[in-house]
Amino acid sequence: KQEVTQIPAALSVPEGENLVLNCSFTDSAIYNLQWFRQDPGKGLTSLLLIQSSQREQTSGRLNASLDKSSGRSTLYIAASQPGDSATYLCAVSPLSGGYNKLIFGAGTRLAVHP
Amino acid sequence: GAGVSQSPSNKVTEKGKDVELRCDPISGHTALYWYRQSLGQGLEFLIYFQGNSAPDKSGLPSDRFSAERTGGSVSTLTIQRTQQEDSAVYLCASSFGAGGGINNEQFFGPGTRLTVL
């Protein structure tokens, strides 16, 4: 059974720092991996999708990498801003058992203070 | 363009009542998903629709839960005889297609917060 773990569970940093959020998954047989952010009381906003054949994706100050063989992904946030404060969720689409469902980690709650 | 919309945004009901939650996917998206987010369980998959294919119901927690998708667009999630443990945020998502790759990128609605008293 696929399990997704995110470390750390919470993170508080001063504005301007570069951050790394970690995601690990137990079964490397995945179609893709998706990173989301969730603001309090809101739905999920898709940040990046990495296909299983890709190693990384970039969008603005965000860079996500994927090492499928070791079951790991990292989300790198450059020059963090208070507006980046949110919960960041990692999710994988497994090859077996229904590849169109996403299996989520518990998230990393990020607070960026001025 | 318009994103995924859900209604109502909040629903308070009494134990034992039936509730219906609605999802309007992004126009042109053929795949639609329902998830549930609760404090103790995190985000869990419930059900998935793709075109005219039979839905994947493998995540529905009990037979009190059902969903339908009419005309390949709007979907309704129905919970019968609600219980307190059904209290959660119900999230709907859609994607352009399915089967992996960029077409499978899921876009989420704002959710419906269900409270069962």
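Before reading on, note that the structure itself is shown above.
Residues numbered from 1 in each chain as written. Chains lettered and ligands numbered in written order. Predicted model: local features only at pLDDT ≥ 70, side-chain atom pairs only at ≥ 80, totals over all residues. Heavy atoms only, no water.

A. How the structure looks around the nonpolar core. Formed by 23 residues in total, the largest nonpolar core has its most connected members in Phe25(A), Leu33(A), Trp35(A), Leu75(A), Ile77(A), Tyr88(A) and Leu110(A). When residues of this core are traced back to their parent elements, those giving at least two are β3 (19-25), β4 (30-38), β5 (44-51), β7 (62-67), β8 (72-77), β9 (86-94) and β11 (108-113) of chain A. Other than its neighbours up to four places away in sequence, Leu75(A) contacts Leu19(A), Val20(A), Leu21(A), Trp35(A), Leu47(A), Leu48(A), Leu62(A), Asn63(A), Ala64(A) and Tyr88(A). Core analysis: the second largest hydrophobic core is formed by 20 residues, Cys23(B), Leu60(B), Ala88(B) and Val116(B) among them. (Core = buried A, V, L, I, M, F, W, Y, C linked by side-chain atoms within 4.5 Å. Buried < 20%, exposed > 50% of the residue type's maximum accessible area, 1.4 Å probe, protein only. Helix = DSSP H or I, 4+ residues; strand = E, 2+ residues; numbered from the N terminus. Contact = heavy atoms within 4.5 Å.)

B. Just the state of the cysteines, in detail. Applying the stated criterion to the full structure yields two disulfides over all chains. Here Cys23(A) connects covalently by a disulfide to Cys90(A), the sulfurs 1.9 Å from one another. What sets the handedness of the Cys23(A) and Cys90(A) disulfide is the S-S torsion sign, and at about -55° it is left-handed. Remark: Cys90(A) occurs in strand β9 and Cys23(A) occurs in strand β3; sequence separation between them is 67 residues. Cys23(A) sits in the buried class, given a relative accessible area of 2%. Covalent S-S linkage joins Cys23(B) and Cys92(B), the inter-sulfur distance amounting to 1.8 Å. Across the disulfide from Cys23(B) to Cys92(B), rotation about the S-S bond amounts to roughly -65°, and the bridge is consequently left-handed. (Disulfide = S-S within 2.5 Å.)

C. Just the sheet that holds strand β6 (residues 65-69) of chain B, in detail. Residue and element names in this part refer to chain B. Read across the sheet, four strands follow the order β1-β3-β7-β6 without closing on themselves; strand pairing throughout is antiparallel. Each edge of the sheet is formed by a strand with only one pairing partner; in this case those strands are β1 (5-7) and β6. On average, each strand axis in the sheet is tilted by 15° relative to the strand beside it, whichever way the strands run. (Pairing = 2+ DSSP bridges. Axes fitted to C-alpha atoms, helices over the stretch in contact; angles between N-to-C directions.)

D. Layout of the sheet that holds strand β6 (residues 56-59) of chain A. Residue and element names in this part refer to chain A. Strand order in this open sheet of five strands is β1-β3-β8-β7-β6, and the pairing throughout is antiparallel. Two strands bound the open sheet, and with one partner strand each, they are β1 (4-7) and β6. Along the sheet, successive strands turn relative to each other by an average axial angle of 15°, direction set aside.

E. Inspection of the interface of chain B and chain A at higher detail. Chain B puts 21 residues into the contact, and the matching count from chain A is 19 residues. Contact between chain B and chain A buries roughly 1,600 Å² in total, counting both sides, with carbon and sulfur atoms accounting for 54%. The interface formed by chain B and chain A contains zero salt bridges. Across the side of chain B that touches chain A, the residue classes tally to eleven nonpolar, eight polar and two charged. (Buried area = accessible area lost by both parts, 1.4 Å probe. Salt bridge = Lys/Arg side-chain N within 4 Å of Asp/Glu carboxyl O. Nonpolar A, V, L, I, M, F, W, Y, C, P; charged D, E, K, R; others polar.)

F. Spotlight on the pairing of β6(A). Residue and element names in this part refer to chain A. Examined bridge by bridge, β6 and β7 share four bridges and lie antiparallel to one another. Of the residues in β7, the one forming a bridge with Ser59 is Leu62. Adjacent in sequence and paired antiparallel, β6 and β7 are bridged by two residues, among which Gly60 carries a positive phi angle near 60°.

G. Molecular detail of the environment of Thr115(B). Relative to the helices and strands, Thr115(B) is located in strand β10 (residues 112-116). In this structure, Thr115(B) is in contact with Lys11(B), Val12(B), Thr13(B) and Ser87(B), ignoring residues within four places of it in sequence.

H. Geometry of the packing of aromatic side chains. Taken as a whole, this structure holds eight aromatic pairs over all chains when the rule is applied. Seen from their ring centres, Phe104(A) and Phe108(B) are 6.2 Å apart, and the 80° between their planes marks the pair as edge-to-face. You can see Phe104(A) sitting in strand β10 (residues 103-104) and its partner Phe108(B) sitting in strand β9 (residues 107-108), one on each of two chains. For the pair Phe104(A) and Phe108(B), a shared accessibility class is recorded, and that class is buried. Connected via pairs of aromatic rings, a cluster forms that spans Phe36(A), Phe104(A), Tyr33(B), Tyr35(B), Phe45(B), Tyr48(B) and Phe108(B). (Phe/Tyr/Trp six-rings, centres within 6.5 Å; stacked < 30°, edge-to-face > 60°.)

I. View of the pattern of salt bridges. Residue and element names in this part refer to chain A. Counted under the stated rule, the structure contains five salt bridges over all chains. Note that Arg37 and Asp39 form a salt bridge whose closest N and O atoms lie 2.7 Å from each other. Assessed through its relative accessible area of 25%, Asp39 is described here as partly exposed.

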